[in-house]
Amino acid sequence: MTVKMQIDIARYSKLISPKNTGHNEEKEEKLLERCPPGHEGTKLVDKPATIIDVSGTIIAWYLPDALTETTQKEIRAATDLLGPSLEKSVKTDGNWRYNQEWFKQGSENVGSTPGCINLSLAWFQQGHENLSDPEVSTSLKGPSSENILKAIARPAAITSAALRVMHPQQYFAGLRALSHLGDKALSKELPQMPETLQYWASVFNSLSIISNRETPNHRDHLSIPECFDILTTVGNYSNAWMSMPSLQLEFRIVRHGVDGGEGDRIAWAWYMRDSVHIYAGVPSCGWAMVEGHILTTV
């Protein structure tokens, strides 16, 4: 089904500054008044849907139960392989993404190790975007890096294939970025990057693996506004919802958060860092439009 919104997502994105993390509720209320979604209250979405704005731009796709049991098992196995790194990622204080108060052990303490790590073949240190060459992320620098890349390969290819349908321009922009990145990695002899590229099976350049964490409402400023991130979730959880309060939407399972649910929860978030595309010399791909997609309105 198609959910039509009255918001203009391109104009909305221009109102958001990099300093707007989505945590200031007073500012969010004012922004909601300025850019209302067009319906009263929170709308619950629990069927496959595309969310489009007033101009025909596709804001989001929602595809529940899209992953086969085999793919879910592969995601679980790959996450378990990264258990030691996940455990080390949790801190007693600091950024909420790694703060222990947001994590909990899965069912009966036998679920996946709580934590949050980033896998990327081109990662800039904070504050050094486009001031230096990117590096392979720390989680892919160890002796297990090849095994990790092979473990995530099939789920990576599946999400890439989905993006080819959802946003073809973004898909090909991702391919170009990887190609140009490979050329730079060879010419500048960037450590481990050529080897990592051999096994990196996604058109996205970054993956966040999140295990057993509740997520507050927030904005991700490292992503490209007109590009899709792809979030996949697996586990034996219940009563978990993803909320987008800026659109007044909740999805069973752009500022978003995930309410805590009972059970074991794993989320993989694939995204493209704009700084990597800039470094690779790849221009913006533009927004995904309804034109070219067959959508059914209900």
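Above this text sits the structure in question.
Below or above, wherever it landed, is the structure these notes cover. (Residues numbered from 1 in each chain as written. Predicted model: local features only at pLDDT ≥ 70, side-chain atom pairs only at ≥ 80, totals over all residues. Heavy atoms only, no water.)

Here's the deal with the overall build of the chain
Working step 1: Counting its secondary structure elements, the chain contains 9 helices and 12 strands.
Working step 2: Against the globule reference of 19 Å for 298 residues, the chain gives a C-alpha radius of gyration of 19 Å, in line with a compact fold.
Working step 3: Its C-alpha atoms put the chain at 55 × 50 × 35 Å along the principal axes.
Working step 4: Per-residue burial over the chain gives 47% buried out of 298 residues.
Working step 5: For the chain, the accessible surface area stands at approximately 15,100 Å², while carbon and sulfur atoms represent 51% of it.
Working step 6: Side-chain charges in the chain split into 28 positive and 34 negative, and the spacing between the mean points of these groups amounts to 3 Å. (Helix = DSSP H or I, 4+ residues; strand = E, 2+ residues; numbered from the N terminus. Rg over C-alpha atoms; globule rule 2.2 N^0.38 Å. Buried < 20%, exposed > 50% of the residue type's maximum accessible area, 1.4 Å probe, protein only. Areas by Shrake-Rupley, 256 points an atom, 1.4 Å probe, with all protein chains shown as cover. Lys, Arg positive; Asp, Glu negative; His and termini not counted. Charge placed at Lys NZ, Arg CZ, Asp CG, Glu CD.)

Observations concerning the pairing of strand S4 (residues 58-62)
Working step 1: Along S4, 4 of the 5 residues are buried, which leaves the element largely enclosed by surrounding structure.
Working step 2: The sheet contact formed by strand S3 (residues 49-52) and S4 spans 4 bridges and is antiparallel. Counted as the bridge partner of Ile51 is Ala60 from S4. (Pairing = 2+ DSSP bridges.)

Digging into the packing of helix H6 (residues 153-166) against helix H7 (residues 168-187)
Working step 1: Between H6 and H7, whose axes approach to 5 Å, the crossing angle comes to 130°. By the angle between their directions, the pair H6 and H7 is classed as oblique. When H6 is examined against H7, the residues Ser160, Leu163, Arg164, Val165 and Met166 are found in contact with a partner set consisting of Pro168, Gln170, Tyr171 and Phe172.
Working step 2: Taken together, the residues of the contact of H6 with H7 sort by class into 6 nonpolar, 2 polar and 1 charged. (Axes fitted to C-alpha atoms, helices over the stretch in contact; angles between N-to-C directions. Parallel < 35°, antiparallel > 145°, perpendicular 65-115°, else oblique. Contact = heavy atoms within 4.5 Å. Nonpolar A, V, L, I, M, F, W, Y, C, P; charged D, E, K, R; others polar.)

A few points about the sheet that holds strand S8 (residues 230-235)
Working step 1: One open sheet accounts for 4 strands, arranged S5-S6-S12-S8; its pairing is antiparallel. Bordering the open sheet on either side are strand S5 (115-120) and S8, each of which pairs with just one other strand. The sheet shows a mean angle of 15° between the axes of neighbouring strands, taken without regard to direction.
Working step 2: Pairing analysis gives 6 bridges linking strand S6 (residues 206-211) to strand S12 (residues 265-271), with the strands arranged antiparallel. Bridging from a neighbouring strand, Ile209 pairs with Trp268 of S12.
Working step 3: On the sheet, helix H3 (residues 69-81) packs against S6, S8 and S12 and is oriented at approximately 90° with respect to S12.

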